[in-house]
Amino acid sequence: MIAATEKGSDAGTLTRSEVEDFLYAEAELLDEWRLPEWLDLFTDDATYQIPPTDIPADASPDNNLFYIADDRYRLGERVKRLMKRTAHAEYPHSKTRHQVSNVRILSQDDGQVEVACNFSTYRTKDDFSNIFFGKLLYGLEVSDGKTRIRSKRVVLDTNGLRNQGRISIIL
């Protein structure tokens, strides 16, 4: 089981290598469809957002319609639904490969770590293959020796979702 990672640095700080290991572990959970374990990586007040591609990357879901704007509760409901056989869009599950690169620590202070990285997610299902790509923005929290996700924002670099059709997987 991959859980919130133990950190090896000073109290409340992470090295880039530790952040990369955390993000690689998250990608593995998603690729193996271990979504309940993936959900455990999030704090109780976490957010998961995917803004549309035609608004500024820093836009708020309070004033804009997002593809996904989940709080921790809604994210938990999304995971439950995706794990059921009745989730026809994802049963049987897509095959995915989540890749992260160019990991950068933007800031860290008092256990709060802001991270940016590039990503590509390959998905194949029903003889169709898609790629989602762009930038991931994380707010990580380091507390009691564990790293958890406080926020995750997926900024897509595509012109829209016409080729992919929909986002039925976790990016």
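Everything discussed here concerns the structure shown above.
Owing to the predicted nature of the structure, the values given are computational and were not obtained by experimental measurement.

A. Structural context of the sheet that holds strand β1 (residues 42-50). Taken in spatial order, the 6 strands make up an open sheet running β2-β1-β6-β5-β4-β3, and their pairing is mixed. On the outer flanks of this sheet lie β2 (68-71) and β3 (95-109), each paired with one strand and no other. With strand direction ignored, the average angle separating the axes of adjacent strands in the sheet is 20°. Pairing between strand β5 (residues 128-143) and strand β6 (residues 146-156): 10 bridges, direction antiparallel. In the strand pairing of β6, Leu-140 is matched with Ile-149. Sheet contacts for helix α1 (residues 16-31): β3, β4 (112-125), β5 and β6; angle to β3, the most-contacted strand, approximately 150°. Strands in contact with helix α3 (residues 72-82) are β1 and β2; relative to β2, the strand with the most contacts, it is inclined by about 110°.

B. Expanded view of the pairing of β5. Here 14 bridges tie β4 to β5, and the two strands are oriented antiparallel to one another. Note that in β5 the partner of Thr-124 across the bridge is Ser-129. Two successive antiparallel strands, β4 and β5, enclose a turn made up of 2 residues, where Asp-126 displays a positive phi of approximately 50°. From the end of β5 to the start of β6, which pair antiparallel, there are 2 residues, and Asp-144 there has a positive phi angle of about 50°.

C. Looking closely at the side chain of Arg-123. Mapped onto the elements of the fold, Arg-123 is located in strand β4. In terms of polar contacts, Arg-123 uses its side chain to reach the side chain of Glu-90, at 3.1 Å.

D. Representation of the pairing of β4 in the model. Sheet topology places β3 next to β4; 12 bridges connect them, and they run antiparallel. Across the sheet, Gln-99 pairs through a bridge with Ser-120, a residue of β4.

E. Focus on the nonpolar core. Membership of the largest hydrophobic core comes to 37 residues, with the highest contact counts inside it found for Leu-23, Trp-38, Leu-140 and Leu-171. Residue assignment for this core shows that the elements contributing at least two residues are α1, α2 (35-39), β1, α3, β3, β4, β5 and β6. Leaving out residues up to four positions away in the same chain, Leu-140 has contacts with Leu-14, Val-19, Phe-22, Gly-111, Gln-112, Val-113, Val-115, Thr-147, Arg-148, Ile-149 and Arg-150.

F. Unusual backbone geometry, seen in detail. Looking along the chain, the bond that leaves Tyr-91 and enters Pro-92 is cis, with omega of 0°. Residue position: Pro-92 is located in the loop between α3 and β3. For Asp-110, which is not glycine, the phi torsion reads 50° and is therefore positive. Of the residues examined, Asp-110 reaches a relative accessible area of 74% and is grouped as exposed. With phi around 50°, Asp-144 is a residue other than glycine that occupies positive phi space. With respect to the helices, strands and loops of the structure, Asp-144 is situated in the loop between β5 and β6.

G. Summary view of the side chain of Ser-120. Within the secondary structure, Ser-120 is located in strand β4. For Ser-120, a relative accessible area of 13% gives the class buried. Those residues in contact with Ser-120 that lie beyond four places of it in its chain are Arg-97, His-98, Gln-99, Ile-131, Phe-132 and Phe-133.

Calculation rules
- Residues numbered from 1 in each chain as written.
- Predicted model: local features only at pLDDT ≥ 70, side-chain atom pairs only at ≥ 80, totals over all residues.
- Heavy atoms only, no water.
- Pairing = 2+ DSSP bridges.
- Helix = DSSP H or I, 4+ residues; strand = E, 2+ residues; numbered from the N terminus.
- Axes fitted to C-alpha atoms, helices over the stretch in contact; angles between N-to-C directions.
- Contact = heavy atoms within 4.5 Å.
- Polar contact = N/O pair within 3.5 Å; in protein donor to acceptor, adjacent residues only side chain to side chain.
- Core = buried A, V, L, I, M, F, W, Y, C linked by side-chain atoms within 4.5 Å.
- Buried < 20%, exposed > 50% of the residue type's maximum accessible area, 1.4 Å probe, protein only.

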